[in-house]
Amino acid sequence: MKYQRLKSIAVQVHLAERVRKRLIKEGALLKGYKIKKDNDYVYFPVKKSTTLPKGVDKYSVVNKAFEKKEQHICSYKELVSLPEELKQELPTSYDVIGQILLIKLPQSLQHYKKRIGEALLKADTHIKTVCVIDPVRGELRTRTIDVIAGEQKTTTIHREYGLEFFVDVQKTYFSSRLASERKRVASLVQPGETVVDMFAGVAPFSIMIARYANPKIIYAVDKNREAIKLAKTNVRKNKVLDKIETIHGDAKDVRTLIPCKADRVIMNLPFSAFHFLPYALTLIEEKGVLHYYDILSEGMLTERIDEIKTIGRQNNIKLTTSRVRKIKTYAPREFYIGMDITATTMPM
Ligand SMILES: C[S@@+](CC[C@H](N)C(=O)[O-])C[C@H]1O[C@@H](n2cnc3c(N)ncnc32)[C@H](O)[C@@H]1O
């Protein structure tokens, strides 16, 4: 039975959070049911036998129907039937973008992909589609998708920090793992800044900045027509039309595509961002900042920083790196690296 009539207390909305904490502390809250709410009151199901804690006993006791919470299953692994020797090969991690789950499967598990997909759907009722993915490829950083369970679709709406991004996981790049990095960059943007997002994709960095900072303007550039189409939708849906100009074009042409210099340039094109540094340097203001991302093995990092500095010198700009850090693991011993780079003109 999904609903059950239970003893509950009715608490005015503005007092609800305090009372909820008190009920939990005193062990009086009945777990496993969704708390109910109307315009005036929040209703907390309480244990039938418990005497209500002092102070909480003044609230009205009412009988209401409460919906049972979905049972949480710890892992999809418990739900897949597989030959025992293959179980240890089931991946422990995967990505979720909106209602689509993306997973990489080793060759040995390909034969069981349908079962694995169904188990993943069952384990998380929020997921509507399960896809097996290959690594992102090519200039536009897109990937082949094999829908193995659920709805046959590759589009979804991903939510982070109160923002909504329309994404096509097949035709555009998007990583939900960069949410806190986007928020961090937004927190650094000063009022009135001009920002260029050189490889904007569906514009998650640009929109995060437009919503959480107060820039003058953000230019969001991408070479992928599909990404720019979705970026336009996302800019409109997140109500930041006055802050973001989307541009379908090649980042090599930024000097002609963008009518002014930039205080901040976001360069999120791992493996290749390095080759675009000279173009970014034609845009950057004195003391401007580049947010640079790359995929490197640990041993390559010092070399890459030296190369970055050399490109700066060749352009008469001193590049100072800071906040060099691993954001996520990309492959065994390879990392998604982020760094902030400040640009200052070199004395002649
Ligand atoms: C790793 S994705 C980053 C997307 C976005 N910044 C994000 O965080 O979701 C790199 C993006 O760069 C775009 N791209 C690749 N080469 C480009 C170029 N020459 N000029 C402009 N965009 C390019 C790809 O289409 C892709 O959307």
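Conventions we followed
- Residues numbered from 1 in each chain as written.
- Predicted model: local features only at pLDDT ≥ 70, side-chain atom pairs only at ≥ 80, totals over all residues.
- Helix = DSSP H or I, 4+ residues; strand = E, 2+ residues; numbered from the N terminus.
- Near = placed C-beta within 6 Å.
- Domains from an automatic or database assignment.
- Buried ≥ 20, exposed ≤ 12 C-beta atoms within 10 Å, placed from the backbone.
- Pairing = 2+ DSSP bridges.
- Contact = placed C-beta atoms within 7 Å.

J.: I would appreciate a short explanation of unusual backbone geometry in the present structure.
T.: Outside of glycine, negative phi angles account for most residues, and trans bonds account for most peptide bonds. Of note in this structure, N316 is not a glycine but carries a positive phi near 65°. In this fold, N316 is placed in the loop between α9 (301–314) and β16 (317–331). Backbone geometry at R323 places phi at a positive 50°, although glycine is not the residue there. Tracing the sequence through the fold places R323 in strand β16.

J.: Please clarify how the site of the ligand should be interpreted in this entry.
T.: Looking at the ligand, there are 22 residues lining it, with F199, G201, K223, N224 and A251 nearest. Both domains that meet at the shell around the ligand, namely domain 2 (76–153) and domain 3 (175–345), each give it at least three residues.

J.: Looking at this model, I keep getting lost on the pairing of strand β3 (residues 41–45). Mind explaining?
T.: Look at any regular strand and the pattern is simple: side chains alternate between the two faces of the sheet. Within β3, 4 of the 5 residues are buried, leaving the element largely enclosed by the surrounding structure. Bridge count between strand β2 (residues 36–37) and β3: 2 bridges; the pairing is antiparallel. Of the residues in β3, the one forming a bridge with K37 is V42. Remark: 3 residues form the turn of the hairpin made by β2 and β3, two consecutive strands paired antiparallel.

J.: Where do I start with the environment of Y336 in this structure?
T.: Here Y336 is to be found in strand β17 (residues 334–345). Exposure remark for Y336: the 21 C-beta atoms within 10 Å place this residue in the buried category. For the pair Y336 and S297, spaced 39 residues apart in sequence, the C-alpha separation works out to 8.9 Å. Dropping the residues within four chain positions of it, Y336 is found in contact with P270, Y293, I295, I327, K328 and Y330.

J.: Sorry if this is basic, but what is going on with the domain arrangement of the protein here?
T.: Interface extent is often summarised as the accessible area lost during association of the parts. Domain assignment breaks the protein into domain 1 (3–67), domain 2 (76–153) and domain 3 (175–345). Summarising the inter-unit geometry, the C-alpha centres of domain 1 and domain 3 are found 48 Å apart.

J.: Got a minute to help me understand helix α3 (residues 113–123) in this structure?
T.: Residues spaced three or four apart along an α-helix point in a common direction, a consequence of the helix completing one turn every 3.6 residues. Three or more residues of α3 are buried, namely I116, G117, A119, L120 and L121. On its buried face, α3 sits against β6 (100–103), β7 (129–133) and β8 (145–150).

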